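One letter stands for each residue in the lines below.
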Amino acid sequence: MRQNPSFAMTDVGEIRRLIHLNPWVTLVSQTDDGLVASHYAVMLDDTRDDLTIVGHVGKPDDAILGLGERELLVVVQGPHGYITPRWYGDVPAVPTWNFVSAHLSGIPELLSPDENLRVLERLVDRFEGDGDDARGLYRLPNDEAFVERLERGTVGFRLAPTRVTAKRKLSQNKTAEVVETIIAGLADEGPERAPLVAEMRRAADARVRP
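We now turn to the structure provided with this report. (Residues numbered from 1 in each chain as written. Predicted model: local features only at pLDDT ≥ 70, side-chain atom pairs only at ≥ 80, totals over all residues. Heavy atoms only, no water.)

1. Considering the pattern of salt bridges
Taken as a whole and assessed by the stated rule, the structure comprises 14 salt bridges. In this structure, Asp45 engages Arg158 in a salt bridge whose closest nitrogen and oxygen atoms are separated by 2.8 Å. Placement of the pair is Asp45 in the loop between strand S2 (34–44) and strand S3 (53–58) and Arg158 in strand S7 (residues 154–159), with a sequence separation of 113 residues. Comparing Asp45 with Arg158, the two get one shared label, buried. The closest approach of N and O atoms between Arg201 and Glu180, which form a salt bridge, is 2.6 Å. Separated by 21 residues along the polypeptide, Arg201 in helix H6 (residues 194–208) and Glu180 in helix H5 (residues 176–188) bring together distant segments of the chain. The exposure class of Arg201 is partly exposed, given its relative accessible area of 29%. (Salt bridge = Lys/Arg side-chain N within 4 Å of Asp/Glu carboxyl O. Helix = DSSP H or I, 4+ residues; strand = E, 2+ residues; numbered from the N terminus. Buried < 20%, exposed > 50% of the residue type's maximum accessible area, 1.4 Å probe, protein only.)

Structure (structure tokens):
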């Protein structure tokens, strides 16, 4: 992803927020047969306060990705959407696409079986929630033997990225008035635009904050 100083996102807290809110990522690896990509959920490593992430892949995917053997690119995609030039007013303009995204690169560390089990349990707990009917990893009818068989079919990893490129392109190069018009236009297009509206509002508010 080409960086642009006007849109660079360098605050670690903001990148952590992006990862937390958008855990479904793309894993990209260069192999002897060319580029390969897989899609999995990841989480921030709860033992650290940097951009280290943890996750797992199925063993068939690990055989392709080669975790621990070569550099892995993790693509985190946040809210995004089409921006029409109609919102710029009566001036020469072309359409664009607003987005928030981050690329994390590095050679992953493979997790031990115990670490992998802990990450799997955290992952399930996060998305199941804490409702009375939540199906935790060890909740019946699952038992310990079942979960251990499940773990053996996966490869857990920890990635402490050595290269990070994060970009927040949310019309920062436009006037505050145009940004407000874009936000209103997106909101009028329906609830599916709500995530991008929220990110643009967050960026706009930060822009005017002293």
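Picking up after the structure, the text goes on.
2. Structural notes on the packing of aromatic side chains
Tallied over the entire structure, the rule returns one aromatic pair. Aromatic pair Tyr82 and Trp97: ring centres 6.2 Å apart, planes at 65°, arrangement edge-to-face. Residue Tyr82 is located in strand S4 (residues 72–83), and its partner Trp97 is located in strand S5 (residues 96–106); the two are separated by 15 residues in the primary sequence. The exposure class of Trp97 is partly exposed, given its relative accessible area of 43%. Positioned above the aromatic ring of Phe7, the side-chain terminus of Lys169 is 5.9 Å from the ring centre. Cation over ring: Lys174 sits above Tyr88, and NZ or CZ is 4.2 Å from the ring centre. (Phe/Tyr/Trp six-rings, centres within 6.5 Å; stacked < 30°, edge-to-face > 60°. Lys NZ or Arg CZ within 6 Å of the ring centre and 35° of its normal.)

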